[in-house]
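Breakdown of the fold
Each chain, letter by letter, is given below.
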Amino acid sequence: TTSKGGINIPTTARWAVHGVQGRNDCINYIKDAKKTDGGTLITGINCSSEFASYEMKLNNDKFHINEEKESRTCYHGYQSFDPKEKDLTPEEVHQMGIELMKRLYPNYQVLVTTHIDQGHLHNHFVVNAVDMNGKKLEDRLANPKEGLYGLRDVSDEIALEHGLKIIEDAPKISRFHKNKYL
């Protein structure tokens, strides 16, 4: 989480993953049973949680997306919560992650997991780069729906709905740089 005036708040980030192996490695990492309460905090949206990578590949094959030539096969991101939110349960955090992905990417295949192995609860998600209709995810920073501003805005909406704190005066990201995503 990021600290503002000594208060930790929910944060989000997302970045592109390249290649089939990159997607497989990413999915294997976020599904780690030690991090996901024995695998109970894993949900697939528009795909099964067990075969998400394979189903994403099938979807991309359907639209003649050559995953060996495409630079981006999926996007990996997270939604992190304040460790001081003592009433927050792993199940509630997981539901917020599912809601975030359903609101932002209703037509995409997404794998959502909740990690409980750190000092703070956080969700990871892997979003296929191509939706169920063959549309590629819009990756421009300022895209109000699919871009990083959209991710932050919807995450903040959900956090407020659950009575959590957010950064009220979050500065706009001035440069497209991973370190400025938070």
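In what follows, the structure referred to is the one given above.
Residues numbered from 1 in each chain as written. Predicted model: local features only at pLDDT ≥ 70, side-chain atom pairs only at ≥ 80, totals over all residues. Heavy atoms only, no water.

Brief notes about the pattern of salt bridges
As enumerated under the stated definition, the model contains 6 salt bridges in all. Arg103 is the partner of Glu99 in a salt bridge, and the nearest nitrogen-oxygen pair spans 2.6 Å. Note that Glu99 and Arg103 are positioned in helix α3 (residues 90–104) at a spacing of 4 residues, about one turn of the helix. The shortest N-O distance in the salt bridge between Arg103 and Glu157 comes to 3.2 Å. Placement of the pair is Arg103 in helix α3 and Glu157 in helix α4 (residues 148–161), with a sequence separation of 54 residues. Among the residues examined, Arg103 registers a relative accessible area of 25% and is labelled partly exposed. (Salt bridge = Lys/Arg side-chain N within 4 Å of Asp/Glu carboxyl O. Helix = DSSP H or I, 4+ residues; strand = E, 2+ residues; numbered from the N terminus. Buried < 20%, exposed > 50% of the residue type's maximum accessible area, 1.4 Å probe, protein only.)

A short note on the packing of aromatic side chains
For the structure shown, the criterion picks out 2 aromatic pairs. Taken together, a centroid distance of 6.1 Å and an interplanar angle of 65 degrees make the contact between Trp15 and Tyr78 edge-to-face. Of this pair, Trp15 sits in strand β3 (residues 11–17) while Tyr78 sits in strand β5 (residues 74–80), and the two are 63 residues apart along the sequence. (Phe/Tyr/Trp six-rings, centres within 6.5 Å; stacked < 30°, edge-to-face > 60°.)

Quick word on the pairing of β5
The buried fraction of β5 is high, at 6 of 7 residues. As paired elements, β3 and β5 share 7 bridges and run antiparallel to each other. For Thr12, the partnering residue across the bridge sits in β5 and is Gln79. Sheet topology places β5 next to strand β7 (residues 122–128); 7 bridges connect them, and they run antiparallel. In the sheet register, Tyr78 faces β7, and the bridge partner there is His124. (Pairing = 2+ DSSP bridges.)

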